[in-house]
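# Notes for the structure review
The residues making up each chain are set out below.
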Amino acid sequence: RLLRRNEAMLETERKQKILQETVLTGLNEGIVLADSEGRILLETPTASKLLFGGGLHDERSRRKDTDMLSQYFYLRGVNARYVWQLMETALKDNEDSVHTLEFAGDEALRFVEVYVSPLRSEGSRGVLAVLRDVTHLKQLEQMRRDFVANVTHELKTPLTSISGYIDLLRARRRSPEEAEQFYTILDIEADRLENLISDLLELSEIEEGDRQRLRNEEVRLYSIGDEVLSELEPAAAEREVSLHLEVDPDFVFMANRHRIKQLIVNLMSNAVKYNKPGGKVVLSAERERGRIRISVRDTGIGIADEHIPRLFERFYRVSKSRSRELGGTGLGLAIVKHIAGLYGGSVQVVSEEGKGSVFTVILPDRKENGSKGA
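Everything numeric here is computed off the predicted structure, so don't read it as measured data.

### Considering the packing of helix α8 (residues 221-238) against helix α9 (residues 257-273)
At a closest axis distance of 10 Å, the pairing of α8 and α9 adopts a crossing angle of 35°. Handedness of the crossing formed by α8 with α9: right-handed. Along the contact surface, α8 presents Leu221, Ser223, Ile224, Glu227, Val228, Leu229, Glu231, Leu232, Ala235 and Ala236, while α9 presents Arg257, Ile260, Lys261, Ile264, Val265, Met268, Ser269 and Val272. Taken together, the residues of the contact of α8 with α9 break down into twelve nonpolar, two polar and four charged.

### Remarks on the pairing of strand β1 (residues 30-35)
Most of β1 sits out of view: five of its six residues are buried. In the sheet, β1 pairs with strand β5 (residues 124-133) via six bridges, with the strands oriented antiparallel. In the sheet register, Ile31 faces β5, and the bridge partner there is Val130. In terms of strand pairing, β1 meets strand β2 (residues 40-43) through three bridges, oriented antiparallel. When the bridges of β2 are listed, Val32 appears paired with Glu43. Hairpin connection, β1 to β2: the antiparallel pair is bridged by four residues, and Gly38 has positive phi, about 95°.

The rules we used
Residues numbered from 1 in each chain as written. Predicted model: local features only at pLDDT ≥ 70, side-chain atom pairs only at ≥ 80, totals over all residues. Heavy atoms only, no water. Axes fitted to C-alpha atoms, helices over the stretch in contact; angles between N-to-C directions. Helix = DSSP H or I, 4+ residues; strand = E, 2+ residues; numbered from the N terminus. Left-handed = near helix turned anticlockwise from the far one by under 90°. Contact = heavy atoms within 4.5 Å. Nonpolar A, V, L, I, M, F, W, Y, C, P; charged D, E, K, R; others polar. Buried < 20%, exposed > 50% of the residue type's maximum accessible area, 1.4 Å probe, protein only. Pairing = 2+ DSSP bridges.

Set out below in structure tokens:
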């Protein structure tokens, strides 16, 4: 009976240990527990990954010896020394604290929030460090700051121009020709301001989920493409760019017609603006393994590789002077990305400088899947 009782206790302890290890391993936060001398008592894989990219932890797990590297936390590298300094301070002051450290990664800096707390139990002293990767949060904060700065700048530019020309008109009497020229510039700047505010409102509505306009309906892409081509024909003719529609008239899928048209208008108008005389823009679509691929192909100036990862950021422009000259708000591609995201889709770009670009929107085929919901 005593033997069975001991076996049951050992089995319970084993299960508890497995459960504890499973919970600690599954946490997004990394945990390091060390004694007052810096010897490691506990280190989770997540902590090792945040500190060392995972490599040293994997190496330690394969080592059978107990050398200085595997025993003492502060000998594990530069990042570990930074964290150990915080842990030592917590032991000395006997106080919890939170800090944000910058760690050098393979491609960019990583920001890690470190919570340290001294521990006491039955005469022994130790210290706990909980590590959390906050790089994404830092990036979001930076994006918010950039957005505020960009909005301020984009609104200020046309407003300054409008204010300046009004002052010129008031300064002295102008000839009818000169006044008409000023009024034309005021109209252009006012339209630019209106377009910017309209795009900001549209983007905000899409980001909030667009619940009012996400009611799905049968969308005939050929019909939408034909409308867009008619609307863009004057601008395309002015730039000597030909527009082509390569879509089956019976190509139908479930989505919101307004949003799909908005998506195509933004892609095709960009393709016209950044094209070359004698160039062309082609709208095409196809079904592929339960997905819809809507592509806009142009023979324009193309995009350098370094710009492609940032193309869909709000207000990002490859050529700021040219974009403003052509009347762009810097929000068109951001709107395209967010509309695709409404339907669980994505946008891909393939481009070569001097030869043109292909923007492809990939959406789930809701007609094929029989789904009529959002």
